[in-house]
Amino acid sequence: QVQLVESGGGLVQPGGSLRLSCLVSGSLFSLYYMGWYRQVPGKQRELVASISRGGTTTNYAEFVKGRFTISRDNAKNTVYLQMNSLKPEDTADYYCNGGVMILPRNYTYWGQGTQVTVSS
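The notes below deal with the structure included here.

Taken in spatial order, the four strands make up an open sheet running β1-β3-β8-β7, and their pairing is antiparallel. Unpaired on one side and paired on the other, β1 (4-7) and β7 (68-73) mark the two borders of the sheet. Each neighbouring strand pair of the sheet contributes to a mean axis angle of 15°, computed without reference to strand direction. As paired elements, β7 and strand β8 (residues 78-83) share six bridges and run antiparallel to each other. Bridged to D73 within β8 is T78.

Structure, rendered in structure tokens:
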């Protein structure tokens, strides 16, 4: 069973920075497309950023463009989310997601989440 373990969340003041990490178990990490999602209680989980298997293609939600950066290190089985210029509205539980298409199925995995609180 593939496991995704997030770390790096916490309390930060508005304007501050945090870096989230997600360590993925197993030997197929380089085959996974990866993403970060976030969820606020009572709302749907939303995509924050995604990155291709080789790390050459990234996509961001409009609300984080220019502030957040997703990256990956395939040698370390880890995907990162660098969050700068944090705002109170960025407060949420952040989840790491990974997926791979092994025909005929698409396999998707989730981490347990890490809490980010932006408050003064």
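For the rest of this paragraph, the subject is the nonpolar core. Counting 29 residues, the largest nonpolar core has M34, W36, V79, L81, M83 and Y94 as the members making the most contacts within it. Those elements that place two or more of their residues in this core are β3 (18-24), β4 (33-39), β5 (46-51), β7, β8, β9 (92-102) and β11 (114-118).

Among the secondary structure elements, S50 is positioned in strand β5. Residues contacting S50, with those up to four places away along its chain left out, are M34, G35, T57, T58, N59 and I70.

Peptide bonds are, in most cases, trans, and in most cases residues other than glycine have a negative phi. That bond from L103 to P104 is cis: its omega, 10°, falls within 30 degrees of zero. Of note, P104 is situated in the loop between β9 and β10 (105-110). One non-glycine residue, N77, lies in positive phi territory at about 55°. Topologically, N77 is positioned in the loop between β7 and β8. One non-glycine residue, S85, lies in positive phi territory at about 50°. Here S85 shows up in the loop between β8 and β9. Owing to a relative accessible area of 41%, S85 belongs among the partly exposed residues under this scheme.

In the structure shown here, the tally under the stated rule is one disulfide. Here C22 pairs with C96 through a disulfide, and the sulfurs are 2.1 Å apart. In this structure, the disulfide formed by C22 and C96 twists by about -85° around the S-S bond and is classed as left-handed. Placement of C22 in strand β3 and of C96 in strand β9 is noted, with a sequence separation of 74 residues between them.

This paragraph deals with the side chain of N77. Accessibility expressed as a relative area gives 16% for N77, which makes it buried. A distance of 2.7 Å separates a polar side-chain atom of N77 from the backbone oxygen of G26. If we skip the residues at most four places from it in the chain, N77 touches C22, L23, V24, S25, G26 and F29.

Right, let's get into the pattern of salt bridges. Within the structure shown, the criterion is met by four salt bridges. Its salt-bridge partner being R38, residue E46 comes within 2.9 Å of it at the nearest N-O pair. Looking at E46, the relative accessible area reads 32%, which means it is partly exposed. A residue is classified by how much of its surface remains accessible, and R38, at 6% relative accessible area, is buried. The salt bridge involving R67 is made with D90; its shortest N-O contact spans 2.7 Å. Residue R67 is found in the loop between β6 (58-60) and β7, and its partner D90 is found in the loop between β8 and β9; the two are separated by 23 residues along the sequence.

Parameters at a glance
Residues numbered from 1 in each chain as written. Predicted model: local features only at pLDDT ≥ 70, side-chain atom pairs only at ≥ 80, totals over all residues. Heavy atoms only, no water. Pairing = 2+ DSSP bridges. Helix = DSSP H or I, 4+ residues; strand = E, 2+ residues; numbered from the N terminus. Axes fitted to C-alpha atoms, helices over the stretch in contact; angles between N-to-C directions. Core = buried A, V, L, I, M, F, W, Y, C linked by side-chain atoms within 4.5 Å. Buried < 20%, exposed > 50% of the residue type's maximum accessible area, 1.4 Å probe, protein only. Contact = heavy atoms within 4.5 Å. Disulfide = S-S within 2.5 Å. Polar contact = N/O pair within 3.5 Å; in protein donor to acceptor, adjacent residues only side chain to side chain. Salt bridge = Lys/Arg side-chain N within 4 Å of Asp/Glu carboxyl O.

Purely spatial values, then, with no claim about function.
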